[in-house]
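In case you want the letters, here they are:
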Amino acid sequence: MKKSPFHIVLVEPEIPPNTGNIARLCAATGTVLHLVGKLGFSLDDRYLKRAGLDYWPAVDLHRWDDLAQLQKAYPEGRFWYASKKAQAAHHQVHYHPGDFLVFGKETAGLPDSLLSAHPESTIRIPLYSPVVRSLNLSTATGIVLYEALRQIEALN
């Protein structure tokens, strides 16, 4: 299987089925999955396992205590921070192989301090309905990952 050149980073995910669905996405695309910080569940959670089905052995999974530890391990990495507060839309930036696509926890997103420190690397998915505040974490992750893969022509 061809490997995706991207990394998905989930900072303090809270809902097991979301992380399980994202793990399945990572298995399907060969994308590395990084889980950062305190998780809102155990990695042995049955809902997490069920959402990821039997694809868990195909997931290149890494755990990190905090985002700084991950960034230190990849000093040349480019990090894109997803937030509804960003100015640039996810399809308006140019992704490169090796980029890290970073998503925050379901209830709070990424910390404002992180976003304000990296405004040029913060992206959003446009929402067209004023009544919807945000997308589901696993949906948002898929949208951004597939746009990045499309841009580098990795979908053939």
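This text follows the structure it describes.
What comes next is a walk through the structure. (Residues numbered from 1 in each chain as written. Predicted model: local features only at pLDDT ≥ 70, side-chain atom pairs only at ≥ 80, totals over all residues. Heavy atoms only, no water.)

A word on the layout of surface pockets
Part 1: If you add up the space inside the largest pocket, you get close to 590 Å³.
Part 2: Of all elements in the fold, only β7 (122-124) and α5 (137-151) reach the threshold of two or more residues within the lining of the largest pocket.
Part 3: Of the residues in the lining of the largest pocket, the class split is 12 nonpolar, 7 polar and 6 charged.
Part 4: Estimates place the volume of the second largest pocket at around 170 Å³.
Part 5: Every residue lining the second largest pocket is listed: V11, E12, V36, G37, D65, D66, L67, K105, G109, L110, P111 and L114.
Part 6: Partitioned by chemical class, the residues of the lining of the second largest pocket number 6 nonpolar, 2 polar and 4 charged. (1 Å grid on protein atoms, 1.4 Å probe; cavity = no way out; pocket = protein on both sides within 12 Å on 5 of 7 lines; lining within 4 Å. Points joined across faces, edges and corners; volume = space filled by probe spheres on them. Helix = DSSP H or I, 4+ residues; strand = E, 2+ residues; numbered from the N terminus. Nonpolar A, V, L, I, M, F, W, Y, C, P; charged D, E, K, R; others polar.)

What to know about the pairing of strand β1 (residues 7-11)
Part 1: Most of β1 sits out of view: 5 of its 5 residues are buried.
Part 2: The side-chain alternation of β1 yields two buried faces, one formed by H7, V9 and V11 and the other by I8 and L10.
Part 3: As defined by bridge partners, β1 adjoins strand β2 (residues 32-36) across 5 bridges and the pair is classed as parallel. In the strand pairing of β2, I8 is matched with L33. (Buried < 20%, exposed > 50% of the residue type's maximum accessible area, 1.4 Å probe, protein only. Pairing = 2+ DSSP bridges.)

Structural notes on the pattern of salt bridges
Part 1: What the rule picks out here adds up to 4 salt bridges.
Part 2: For E12, the salt bridge is made with K105, and the minimal N-O distance between the two is 3.0 Å. Remark: K105 occurs in the loop between β6 (100-103) and α4 (112-117) and E12 occurs in the loop between β1 and α1 (16-29); sequence separation between them is 93 residues.
Part 3: For K105, a relative accessible area of 25% gives the class partly exposed.
Part 4: Between E147 and R150 there is a salt bridge, with its nearest N and O atoms 2.7 Å apart. Here R150 and E147 lie together in helix α5, a separation of 3 residues that amounts to about one turn. (Salt bridge = Lys/Arg side-chain N within 4 Å of Asp/Glu carboxyl O.)

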